[in-house]
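Results of the structural survey
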Amino acid sequence: MVGYRSFGIEICLRVKEKYFVETVISGFIVLIICFTRCNVTPGISEKGHHADSLSLVRGKALFIQHCKTCHLLPEPKNLPKEIWHTAVLPLMAIRMGLNNTGYKRSIDIEERAIEEKSNLIPQMPLLTNTDFELIEGYIEFNSPDSLAYAYERLYRNQPLTQFLRRNIPVDASNSSAITALKFNVATNVLWIGNVYNQVIQWQWGKGVIDNENTTSPVVDFTFNNKTYFTEIGSLLPSELSTGSFTLKSPNLQEPVLQNLHRPVCTLMEDFDKDNIPEIIICNFGKNLGSLSLYKKNRKDSSYHEYPLLSLPGATKCYLKDMDNDGRKDIVALFAQADESVYILFQKNNMHFEAKKVLRFPPDYGTTDMILVDYNNDGLTDIITANGDNADYSIVLKKYHGIRIHINGGNNKFQERFFYPIYGATKVLAEDFDKDGDVDFVVNAFYPDFGELLRESFVYLQNDNSI
């Protein structure tokens, strides 16, 4: 069993780094510094007629058949009828090759050519209109009119005393739109990226110490004796590869890798011990993407890409020896399409063997992952945050929150604890109160902006660890 007390305050975080927890409000960075609704009307279709039982059986079979091919099967009851009807089902129809005049897709000629080349939209329908209508009928029958609101959460939080909030002015000329925050512990400098293609350096006691422009928004910083920028290219979903990985020099920025497909996270590690670090990049992409390793050619200093997993949604990765063979493996979160966590076990000659260890339905909206030995058994456990609520199903979801997945041995993980938080986005694990167990800080970028706005920042104090 796990026992937690929760504490909420009314702020909205973006990124956290060690004992600094950073957020942004109206042109200010807020440093949080650590001191020690389900109303179901089943059986009624949109036209008010009772669904035919045989049609429902057939519709369920088709739903399972087609929806399991792309991702873990969602439950119709997890989204209200209106969202299924106006957003999710029209998109499903397009992905199955059916014409849908009621759903507008705005993509340019170049991106459409990439879609066609990759056969992202089938030229021939995968099923008939009649069969798709059976799927619609099954979902209509089994989905609620609305999702129940979690009123019990209004009374669960205690006053927050473990953290203090302080507003730090950064850029008074623009509204706050931060894309990256990372604290460099070696230099005690907080690096900040924003949507205005700017990188700002801030230091305690000095304020802003440097400001420079970039080609596109920086979404990650890599500190490896030098400082590198991961520039996403397009913040909006796109199949165009306009991102880059750039070395910051004193007076210039030198591109190391270009034409990346919306990269969002970068690691550097000398896997083959040749004194030249390889680069691992999460190319989030859109419907295409990859987790790729880039190796430098000694002769001409160019890099060759080795796709480790050609899947969209690579969001975050860690280096960790997960099988105790003395070699660093890669643990990667994929948060698009088939939302999953993979371990890529390092073998000889920089070969990696991928194993999917966690999987989530698409409506979970997986956003973050951290690694920690939660129960002190010597095995690495996985903590995930689920709460992305900005795509096709924008509604408060009771199954959003953080989950503790305990490693039972041989990297087999089981969910042992779930704490629901609307729109949970980031999670940080530390022993904040110094009592010997793991506490959590969670931010929700998509909270209930009404009565539960205070849960945009939640401190979970562990009182009864596993």
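Residues numbered from 1 in each chain as written. Predicted model: local features only at pLDDT ≥ 70, side-chain atom pairs only at ≥ 80, totals over all residues. Heavy atoms only, no water.

Turning our eyes to something else, we now look at the nonpolar core. In this structure, Met-92, Phe-132 and Val-341 are the most contacted members of the largest nonpolar core, which totals 33 residues. Those elements that provide at least two residues to this core are helix H1 (53–67), helix H2 (81–95), helix H4 (129–142), strand E22 (329–334), strand E23 (340–346) and strand E24 (352–359). For this core, the leading source of residues is H2, giving six residues. Not counting chain neighbours up to four residues away, the residues in contact with Met-92 comprise Cys-67, Trp-84, Phe-132 and Ile-135. Of all hydrophobic cores here, the second largest spans 21 residues; its members include Ile-232, Cys-282, Leu-309 and Phe-334. (Core = buried A, V, L, I, M, F, W, Y, C linked by side-chain atoms within 4.5 Å. Buried < 20%, exposed > 50% of the residue type's maximum accessible area, 1.4 Å probe, protein only. Helix = DSSP H or I, 4+ residues; strand = E, 2+ residues; numbered from the N terminus. Contact = heavy atoms within 4.5 Å.)

Right, let's talk about the packing of H2 against H4 for a bit. Orientation of H2 relative to H4, taken along the N-to-C sense of each, is 155 degrees, at an axis distance of 11 Å. Compared by their axis directions, H2 and H4 come out roughly antiparallel. Between H2 and H4 the crossing geometry is right-handed. Where H2 abuts H4, its residues Lys-81, Trp-84, Leu-89, Met-92 and Ala-93 lie against Phe-132, Ile-135, Glu-136, Ile-139 and Glu-140. (Axes fitted to C-alpha atoms, helices over the stretch in contact; angles between N-to-C directions. Parallel < 35°, antiparallel > 145°, perpendicular 65-115°, else oblique. Left-handed = near helix turned anticlockwise from the far one by under 90°.)

A cluster of nonpolar residues, Val-195, Tyr-196 and Leu-235, forms a patch on the protein surface that exposes about 220 Å² of accessible area. As for its placement among the helices and strands, Val-195 is situated in the loop between strand E10 (189–194) and strand E11 (198–203). On the basis of relative accessibility, which here comes to 34%, the residue Val-195 falls in the partly exposed class. (Patch = residues over 30% accessible without salt bridge, like charges linked within 9 Å, V, L, I, M, F, W, Y side chains within 5 Å. Areas by Shrake-Rupley, 256 points an atom, 1.4 Å probe, with all protein chains shown as cover. Salt bridge = Lys/Arg side-chain N within 4 Å of Asp/Glu carboxyl O.)

These figures capture arrangement, not role.
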